[in-house]
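Chains, contacts and geometry: an overview
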Amino acid sequence: HFNHPSIFFWGYMNEVMLRKADPLPERYYEILSDLARRLDKRAHAEDPTRRTVMALSQGELTDDKGLGDIPDILGMNLYFGWYYGKFEDLGEFVDRMHRQRPSRPFMISEYGAGTDERIHALNPGRFDFSSEYGQEFHLASFPQIESRPFLLGSAVWNQFDFGSPSRQDTKYGINTKGLFFYDRTPKDSSFYYQAALLTKPMLTIAREWHEHAGDRHQPIRVYTNQPQVELFVNGKSGGSQSVRNRIARWQVELSPGKNRIVARAGALEDATTITFEERTFFAVNAGGEYDYIDHAHVYWEADHPYQPGSWGYVGGEAKLTHRAILGTDEDALYQASREGMERYQFDVPDGTYEVTLGFTEGGYAVRRSFVIEATNGKGITITGQQSIAAIMLRRR
């Protein structure tokens, strides 16, 4: 690779102290540092024209025993707001590293958050794998990086979602931190970086959340490097918004069926379609704080407390795991559950209903269906369950 034009640096170690042997071998740090010096010397001998680099994780950086001083450049793999901490902790940590080693060349060699196009959240939270949280991660992280000129550069982990056999997140065996999906389709987060880094004018509506049900209201995001954007919903102006940090935001009310969304900034225009389903049945992501769209395009709404005249849970505790669920591709639906609740209540008209409950038993997804009558205006009450992951209620 000596003459390969895309090689910036030669890297020879990555997070080598992240999982240390226990007990620690005798002279561990001495031997490790000696290996690093030999690799660094060999890299410079093979190619005197390029610099060397190694990457360390956040925990390693705070106590690296001098290992990070050996290469020409020190890479920092940092996931504030994903695996640990808050978004704003990133800049503070980087500044502290710079104060400790003011002459040391630094770069952010990894940062990112996993996302799943089937998961959406009005109130996104850390590690929910929603498209919206992933976007908020990058919106908060990149300005902290670009505002610090002492950083040589940064690299999102990763450009594309990729196979990772040990992963047990919402997509089993896939690391979903890419700016593009596994099939190279762009994620909404990628449009933010286009707006931030392209010099030519650009304007793109975030389009992963293109199906909706339940609440008619939905946030709309537009990424652009222009100062002002006007939004149109089904031909009617939703007003103009100033662009801050390459994004303009709206909250719109959708109509049943297909909704045409158009964004304009001067001569630039982009359009997409959002489908709103006015449903005659319930599909509840029990224990989940996010909406979920399954492979059959059933829209599972986020769980919420019981509201008279509507539906919801009474009591219990939400549980979330990221262990693989066997027997289904809908891991994200079954990874969330509500446990120990008093009941679920659905205030529906009198009639005959088919109820399907989803559970996780022994690591497997299981569904059970039964028929129940709603009489005397009492609706449907579901009791006697220790844990529920999904509820579907249809009138027969």
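The shown structure was predicted, so the numbers you read here are calculated from the model rather than taken from an experiment.

What to know about the overall build of the chain
Tallying secondary structure elements over the chain gives six helices and 28 strands in all. Every one of the 396 residues in the chain was classed for burial, and the buried ones make up 49%. Nonlocal contacts in the chain, meaning residues at least 24 apart in sequence, comprise 61% of its contacts between residues at least 6 apart. Accessible surface, the chain: about 19,500 Å² in total, of which carbon and sulfur atoms supply 50%. Placing the 45 positive and 53 negative side-chain charges of the chain at their respective mean positions leaves the two points 3 Å apart.

Notes on the pattern of salt bridges
This model, assessed by the stated rule, comprises 25 salt bridges. Measuring nitrogen to oxygen at the nearest pair gives 3.7 Å for the salt bridge that ties Lys-86 to Asp-89. The partly exposed category is assigned to Lys-86, whose relative accessible area is 46%. Among the residues examined, Asp-89 registers a relative accessible area of 18% and is labelled buried. Arg-246 is the partner of Glu-146 in a salt bridge, and the nearest nitrogen-oxygen pair spans 2.7 Å. Here Glu-146, found in helix 4 (residues 131-146), pairs with Arg-246, found in the loop between strand 13 (236-242) and strand 14 (247-253); they are 100 residues apart in sequence, far enough to count as distant. A residue is classified by how much of its surface remains accessible, and Glu-146, at 39% relative accessible area, is partly exposed. Each of Asp-64, Asp-69, Arg-101 and Arg-104 takes part in a single network of salt bridges with overlapping partners.

Overview of the pairing of strand 2 (residues 51-57)
Counting buried residues along strand 2, six of its seven residues qualify, which places the element largely inside the surrounding structure. Taken together, the five bridges between strand 1 (residues 9-14) and strand 2 define a ladder with parallel strand orientation. By the bridge assignment, Phe-9 is partnered in strand 2 with Arg-51. Once you follow strand 1 into helix 1 (residues 28-46) and on to strand 2, the crossover reads as right-handed.

Some points on the sheet that holds strand 24 (residues 351-361)
Read from one edge of the open sheet, seven strands run 5-18-19-17-28-24-25, paired in mixed fashion. Edge strands, defined here as strands with exactly one partner in the open sheet, are strand 5 (119-120) and strand 25 (364-374). Summarising the sheet, strand 18 (residues 291-293) and strand 19 (residues 299-302) pair through two bridges and their orientation is antiparallel. Considered in strand 19, the bridge of Ile-293 is made with Tyr-299.

Digging into the packing of aromatic side chains
What the rule picks out here adds up to 23 aromatic pairs. Consider the rings of Trp-82 and Tyr-133, whose centres lie 6.2 Å apart with planes at 35°: the pair is tilted. Of this pair, Trp-82 sits in the loop between strand 3 (73-77) and helix 3 (89-100) while Tyr-133 is found in helix 4, placing the two residues 51 residues apart along the sequence. The exposure class of Tyr-133 is buried, given its relative accessible area of 7%.

Details of helix 5 (residues 188-197)
Burial analysis of helix 5 places eight of its ten residues in the buried class, which makes it a mostly covered element. Buried residues of helix 5: Asp-188, Ser-189, Ser-190, Phe-191, Tyr-192, Tyr-193, Ala-195 and Ala-196, and no others. At its buried positions, helix 5 is contacted by helix 4, strand 9 (203-205) and strand 11 (217-224).

Some thoughts on the environment of Arg-207
Relative to the helices and strands, Arg-207 resides in the loop between strand 9 and strand 10 (211-213). Considered as a pair, Arg-207 and Lys-187 are 20 residues apart in the sequence and their alpha carbons are 8.5 Å apart. Those residues in contact with Arg-207 that sit more than four places away from it in its chain are Asp-188, Phe-191, Asp-270, Ala-271 and Thr-272. A polar side-chain atom of Arg-207 sits 2.9 Å from a polar atom in the side chain of Asp-270.

Focus: the environment of Ala-55
Along the polypeptide, Ala-55 turns up in strand 2. With relative accessibility at 8%, the residue Ala-55 sits in the buried group. Each C-alpha atom, one on Ala-55 and one on Ser-109, is 6.7 Å from the other, the two residues being 54 residues apart in sequence. Not counting the four nearest positions on each side in its chain, Ala-55 is found in contact with Met-13, Asn-14, Glu-15, Gly-75, Asn-77 and Ser-109.

A word on empty space enclosed by the protein
Tallied over the entire structure, the rule returns one cavity of 30 Å³ or more. At the level of elements, helix 4 and strand 11 are the ones that each hand at least two residues to the lining of the largest cavity. Sort the elements by how many residues they give to the lining of the largest cavity and strand 11 lands first, with four residues.

What about the pairing of strand 17 (residues 281-285)?
Counting buried positions along strand 17 yields four of five residues, so the element is predominantly enclosed. Both strand 17 and strand 28 (residues 390-395) contribute to a ladder of four bridges, which runs antiparallel. Looking at strand 28, one finds that Phe-282 is bridged to Leu-393.

Re unusual backbone geometry
The omega torsion across Asp-22 and Pro-23 is 5°, close enough to zero to call that bond cis. Mapping Pro-23 onto the fold places it in the loop between strand 1 and helix 1. A cis amide bond, omega 20°, links Trp-157 with the succeeding residue Asn-158. As for its position among the elements, Asn-158 is in the loop between strand 6 (151-154) and strand 7 (162-163). Despite not being glycine, Arg-184 has its phi angle at roughly 75°, a positive value. Within the element layout of this structure, Arg-184 appears in the loop between strand 8 (174-175) and helix 5. By relative accessible area, Arg-184 is classed as partly exposed at 47%. The phi angle at Asn-376 is positive, at roughly 55°, despite the residue not being glycine.

The rules behind these values
- Residues numbered from 1 in each chain as written.
- Predicted model: local features only at pLDDT ≥ 70, side-chain atom pairs only at ≥ 80, totals over all residues.
- Heavy atoms only, no water.
- Helix = DSSP H or I, 4+ residues; strand = E, 2+ residues; numbered from the N terminus.
- Buried < 20%, exposed > 50% of the residue type's maximum accessible area, 1.4 Å probe, protein only.
- Contact = heavy atoms within 4.5 Å.
- Areas by Shrake-Rupley, 256 points an atom, 1.4 Å probe, with all protein chains shown as cover.
- Lys, Arg positive; Asp, Glu negative; His and termini not counted.
- Charge placed at Lys NZ, Arg CZ, Asp CG, Glu CD.
- Salt bridge = Lys/Arg side-chain N within 4 Å of Asp/Glu carboxyl O.
- Pairing = 2+ DSSP bridges.
- Right-handed = clockwise from strand over helix to strand, strands pointing away.
- Phe/Tyr/Trp six-rings, centres within 6.5 Å; stacked < 30°, edge-to-face > 60°.
- Polar contact = N/O pair within 3.5 Å; in protein donor to acceptor, adjacent residues only side chain to side chain.
- 1 Å grid on protein atoms, 1.4 Å probe; cavity = no way out; pocket = protein on both sides within 12 Å on 5 of 7 lines; lining within 4 Å.
- Points joined across faces, edges and corners; volume = space filled by probe spheres on them.

Spatial relationships are all this shows, so hold off on functional conclusions.
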